[in-house]
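# Chains, contacts and geometry: an overview
Here are the chains, one letter per residue:
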Amino acid sequence: MLYTGYQAWNDMLAPSRWGARLALGMKDSLGSFADLPGPRRLFALMDVFEGAKLTHKRPSYDIGTVTSCNAEVAVREEVVLEMPFGDLLHFAKDDVMTAQPKVLVVAPMSGHFSTLLRSTVTTLLRDHDVYITDWKNARDVPLSAGPFGFDDYVDYVIGFFQELGPGAHLLSVCQPCVPALAAVALMAEDKDPSTPRSMTLMAGPIDTRTQPTVVNELAQDKPIDWFERNLISVVPFRFAGRGREVYPGFLQLSAFVSMNLGRHGAQHRELYQLLADGKDVEAQHIKDFYEEYFAVLDMTKEFYLETVERVFQRTLLAKGELMHRDRLVNPGAIRKTALLTVEGERDDVCGIGQTSAAHALCTGLRPHMKRHHLQPGVGHYGVFSGSKWEKLVYPQVRNMILAMN
């Protein structure tokens, strides 16, 4: 009933939002009248109202060109491997004559689409041939595709690297650092020729017992059956994934927003004021952020509950107890894949030490194959987006890949 109620509320507001869009479309036809203080405030209010909505389709990556090899080159998206729950997406650059290292960006499946890493990808494209795990909204995946759990996520990562072939590199952001490390460990133990040459783990919960955050405490506060009873819902009949049990993206977003409710409220008040003052360029930055932030993705019941239990409650990888399809995951088997971990000083999602815990697990790596970077002055998102990511964190990533290529 939870999902049905949410959808009914959205449907009820749809006519009002349509009316707001219609009115905003007439703004230019009003000429100088629209620039008077009263109409400007009214249009600003409608603009904020119309934009404060959740969407359930992946936004565009919108990476048309990048500067690479001292030239502006076009970027086109191509699906290299299509799978039921996610595609291997390639950002191809046809005008780059020199071969660049292949990098697979393993994106989170945590309520948002992989486009949340648009800034990460754009920066990487300067010097690398970039691919990404482009996850699909579970409510759009028919029941006939079967379940998708934690082990399936690991299998997808392994399958994507096998598709790329030998010589690729891995960069994982946030929640998937655990399944990404597990995938590399399994490939290394199997002596798979497609095992990545380096893995960069950024702000990921390898060991949530270290400096636990509010996110970690929330996961520990209730037993796993509480999460199943209270947070799992069924996709309504109107969608392709009808009948599939999911953890709805709107619930995950609600949890994120509630952690910083004052900040999000202040941002929307600022947005209204900027629009009312006619500062459309400044307002667009806020609008772009929330257009991405309010695009939500449903997770399958299996993946969500298994991630909460295995990663955040029982910390199985950190304890050396993580199993993948009845097989023990052994990070000590990794001997040829260099490790770089990156953390943010002010990260309130993944505490300091949670990601660097990977170094103690990778006992087969010699010291010169391990590096750690703690970035001062950034929170969770600043680790992989923004000016400090571009100027201070990215050079660490680039140098590690260059050294192992």
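Summarised in this report is the structure supplied together with it. In this text the structure is predicted, and so the values were computed from the model without any measurement.

Rules behind the numbers
Residues numbered from 1 in each chain as written. Predicted model: local features only at pLDDT ≥ 70, side-chain atom pairs only at ≥ 80, totals over all residues. Heavy atoms only, no water. Buried < 20%, exposed > 50% of the residue type's maximum accessible area, 1.4 Å probe, protein only. Helix = DSSP H or I, 4+ residues; strand = E, 2+ residues; numbered from the N terminus. Pairing = 2+ DSSP bridges. Axes fitted to C-alpha atoms, helices over the stretch in contact; angles between N-to-C directions. Parallel < 35°, antiparallel > 145°, perpendicular 65-115°, else oblique. Left-handed = near helix turned anticlockwise from the far one by under 90°. Contact = heavy atoms within 4.5 Å. Nonpolar A, V, L, I, M, F, W, Y, C, P; charged D, E, K, R; others polar.

For the rest of this paragraph, the subject is the pairing of strand β1 (residues 65–68). Burial along β1 is one-sided: Val-66 and Ser-68 are buried, while Thr-65 and Thr-67, pointing the other way, are not. One ladder, built from four bridges, connects β1 with strand β2 (residues 71–74); its direction is antiparallel. Bridged to Thr-67 within β2 is Glu-72. The turn linking β1 back onto β2 is made up of two residues, and Cys-69 within it adopts a positive phi angle of 55°.

Moving on, we get to unusual backbone geometry. Of note, the phi angle at Asn-70 is positive, near 60°, even though the residue is not glycine. Mapped onto the elements, Asn-70 comes out in the loop between β1 and β2. Unlike most non-glycine residues, Ala-203 shows phi in positive territory, near 50°. Topologically, Ala-203 is positioned in the loop between β8 (198–202) and α6 (214–221).

What follows deals with the packing of helix α7 (residues 224–231) against helix α11 (residues 301–313). The contact between α7 and α11 brings their axes to 10 Å, and the two run at 150°. Our classification of the angle between α7 and α11 gives roughly antiparallel. Note on packing geometry: the crossing formed by α7 with α11 is right-handed. For the pair α7 and α11, the contacting residues are Ile-224, Phe-227, Glu-228 and Leu-231 in the first and Lys-301, Tyr-304, Leu-305, Val-308, Glu-309 and Gln-313 in the second. Within the contact of α7 with α11, the residues separate by chemical class into six nonpolar, one polar and three charged.

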